[in-house]
Number of protein chains: 2
Amino acid sequence: MKISTKTKYGLRAAIYLAEKGKEQGFHSIKQIAKSENISPDYLEKIISKMEKAGMLKSQKGAKGGYSLARPAKRIKLGEVVNALEGDNYFVQCLSGKGKVCAQCKKCAAQNFWQKFQEKLDSFLDSVSLEDIIKNKF
Amino acid sequence: MKISTKTKYGLRAAIYLAEKGKEQGFHSIKQIAKSENISPDYLEKIISKMEKAGMLKSQKGAKGGYSLARPAKRIKLGEVVNALEGDNYFVQCLSGKGKVCAQCKKCAAQNFWQKFQEKLDSFLDSVSLEDIIKNKF
DNA sequence: ATAAATCCGACAATAATTGTCGGTTTTATT
DNA sequence: AATAAAACCGACAATTATTGTCGGATTTAT
Ligand code: SF4
Ligand code: SF4
């Protein structure tokens with residue numbers, strides 16, 4: 001049960017953008033990577049995922065870059081984590097994707113994992129990027 | 001952010017033992033593996049870890065096997081998860097093991113991950129094996 | 001026209017997880 | 001005493017996931 005470095009990098013990038021928020025404009029991968037000490041090539045993939053998930057917006061070409069798609073207050077951590085950790089269901093029986101585990105009928109664990117996941121999701125959705133940069137949560 | 005199958009298997013084995021609780025005596029890897037449809041060789045390694053962590057006790061030799069080391073009520077899920085997921089710190093800066101991340105000083109994410117980890121741990125420690133088999137939590 | 005950036009997919013390197021195996025030791029039963 | 005059933009242990013193989021790199025294509029401000 002770990003957080004991937006991908007997600008950790010992604011969150012730091014998002015925080016970077018949230019902090020720069022007031023100085024409107026776009027911030028390039030290069031800038032962010034340098035400031036956060038992350039491989040630019042890898043960071044690009046990460047940020048690209050976040051952009052596709054709709055939390056960042058991009059500007060191509062010279063002077064381009066990325067910025068938050070919305071005010072930091074309206075970007076919840078759940079969004080960041082979901083975008084980067086992928087289909088993050090704890091157990092397959094909760095994924096809703098066809099395949100049911102052979103033990104499903106007699107499995108007492110199922111309800112527990114479900115509740116665990118709910119707890120977790122609700123916490124992640126209760127914290128926004130703004131909360132983080134203001135250190136209030 | 002996934003639960004490893006190791007942990008899922010381990011929990012199911014623990015639940016198995018908790019359910020059989022009243023019929024005192026030991027239950028072999030073979031039995032558990034068959035009932036839960038898990039590779040016996042793999043399950044052995046998993047159960048061995050749990051035994052070393054002190055939540056199971058073992059009896060060697062013929063008619064031997066495993067049982068819970070304590071009443072199900074006093075085995076919390078946190079114990080199971082910790083034993084099997086290993087050193088499960090979300091971020092290295094929280095591991096307390098020397099190495100500090102280069103970004104540590106200016107990292108706004110740190111507090112968040114810490115709080116997240118606490119939430120998680122406190123939930124896991126609030127649920128016992130008994131709660132699970134009685135489906136009350 | 002140029003340079004700076006996003007965008008995209010393929011791929012390589014590394015690490016972690018999952019699973020297998022062969023043997024040793026212990027112990028209840030016969 | 002012999003046997004069989006089990007835990008115990010470490011090495012290793014197979015598979016999968018993560019992390020990271022690269023080369024080029026496209027877009028756009030200057
Ligand atoms: S074993 Fe239980 S919790 Fe795991 S996938 Fe199957 S039904 Fe779900
Ligand atoms: S980047 Fe921040 S949260 Fe991650 S290890 Fe470093 S100090 Fe901790």
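A few points on the structure. Since this is a predicted model, take the numbers as computed values, not measurements. (Residues numbered from 1 in each chain as written. Chains lettered and ligands numbered in written order. Predicted model: local features only at pLDDT ≥ 70, side-chain atom pairs only at ≥ 80, totals over all residues. Heavy atoms only, no water.)

## Examining the overall build of chain A
Then step 1. Within chain A, the regular secondary structure consists of 6 helices and 2 strands.
Then step 2. The order of α-helices and β-strands along chain A, N terminus first, is α-α-α-β-β-α-α-α.
Then step 3. A burial count over chain A gives 43% of its 137 residues as buried.
Then step 4. A fraction of 61% describes how many contacts in chain A between residues 6 or more apart in sequence connect residues 24 or more apart. (Helix = DSSP H or I, 4+ residues; strand = E, 2+ residues; numbered from the N terminus. Buried < 20%, exposed > 50% of the residue type's maximum accessible area, 1.4 Å probe, protein only. Contact = heavy atoms within 4.5 Å.)

## Side note on the pairing of strand β2 (residues 65-68) of chain B
All names here are of chain B.
Then step 1. Sheet topology places strand β1 (residues 56-59) next to β2; 4 bridges connect them, and they run antiparallel. Bridge pairing in β2 places Q59 opposite G65.
Then step 2. Counting the residues that bridge the hairpin from β1 to β2 gives 5 residues, and of these G61 lies at a positive phi of roughly 75°. (Pairing = 2+ DSSP bridges.)

## Side note on the protein's contact with DNA strand D
Then step 1. Residues in contact with DNA strand D amount to 27 residues; listed here are only the nearest, S39(A), K45(A), I29(B), S58(B) and Y66(B).
Then step 2. Of all DNA strand D atoms lying within 4 Å of any protein atom, the proportion belonging to sugar or phosphate reaches 65%.
Then step 3. Here a phosphate oxygen of DNA strand D sits 2.5 Å away from a polar atom, N or O, in the side chain of Y66(B).
Then step 4. When contributions to the surface near DNA strand D are tallied by element, the ones reaching two or more residues are α1 (5-19) and α3 (40-52) of chain A together with α2 (29-36), α3 (40-52), β1 and β2 of chain B.
Then step 5. Grouping the constituent residues of the surface near DNA strand D by class yields 6 nonpolar, 11 polar and 10 charged. (Near = heavy atom within 4 Å. Polar contact = N/O pair within 3.5 Å; in protein donor to acceptor, adjacent residues only side chain to side chain. Nonpolar A, V, L, I, M, F, W, Y, C, P; charged D, E, K, R; others polar.)

## Side note on the interface of chain A and chain B
Then step 1. Taken together, the contact between chain A and chain B spans 37 residues of the former and 37 residues of the latter.
Then step 2. Both sides of the chain A and chain B interface together cover about 3,700 Å² of buried area, and 70% of this is carbon and sulfur.
Then step 3. Counting every contact that joins chain A to chain B gives 0 salt bridges.
Then step 4. Viewed at the interface, chain B and chain A are joined by 2 residue pairs in polar contact (both at pLDDT 80 or more). (Buried area = accessible area lost by both parts, 1.4 Å probe. Salt bridge = Lys/Arg side-chain N within 4 Å of Asp/Glu carboxyl O.)

## Some details on the side chain of E85(A)
Then step 1. Turning to its location among the elements, E85(A) is positioned in helix α4 (residues 77-85).
Then step 2. At a separation of 2.8 Å, a polar atom in the side chain of E85(A) contacts the side chain of S4(A).
Then step 3. Excluding its chain neighbours within four sequence positions, the residues that come into contact with E85(A) are K2(A), I3(A), S4(A), T7(A) and M1(B).

## Section: the protein's contact with DNA strand C
Then step 1. Taken together, 28 residues form the shell around DNA strand C, and within it I29(A), S58(A), Y66(A), S39(B) and K45(B) come nearest.
Then step 2. Backbone sugar and phosphate groups make up 69% of those atoms of DNA strand C lying within 4 Å of the protein.
Then step 3. K2(A) places a polar side-chain atom, nitrogen or oxygen, 3.5 Å from a phosphate oxygen of DNA strand C.
Then step 4. At 2.8 Å from a base oxygen of DNA strand C is found a side-chain nitrogen or oxygen belonging to K45(B).
Then step 5. Counting residues per element, the ones that place at least two in the surface near DNA strand C are α2 (29-36), α3, β1 (56-59) and β2 (65-68) of chain A together with α1 (5-19) and α3 of chain B.
Then step 6. When its residues are assigned to classes, the surface near DNA strand C shows 6 nonpolar, 11 polar and 11 charged.

## Looking at the relation of the copies chain A and chain B
Then step 1. Its rotation angle being 180°, the transformation that places chain A on chain B also includes 0.0 Å of axial translation and leaves an RMSD of 0.1 Å. The relationship between the two copies is best expressed as a two-fold rotation axis. Nearest to the rotation axis, the C-alpha of M1(A) is located 2.9 Å from it, this being the minimum over chain A.
Then step 2. Of all interface residues in chain A, 97% are interface residues in chain B too; the two copies therefore contact each other through one and the same surface. (Least-squares fit on C-alpha atoms with pLDDT ≥ 70 in both.)

## Considerations on the nonpolar core
Then step 1. Formed by 75 residues in total, the largest nonpolar core has its most connected members in L129(A) and L129(B).
Then step 2. If we ignore the near neighbours within four places in the chain, the residues touching L129(A) are L11(A), A14(A), I15(A), A18(A), L68(A), A72(A), I75(A) and L77(A). (Core = buried A, V, L, I, M, F, W, Y, C linked by side-chain atoms within 4.5 Å.)

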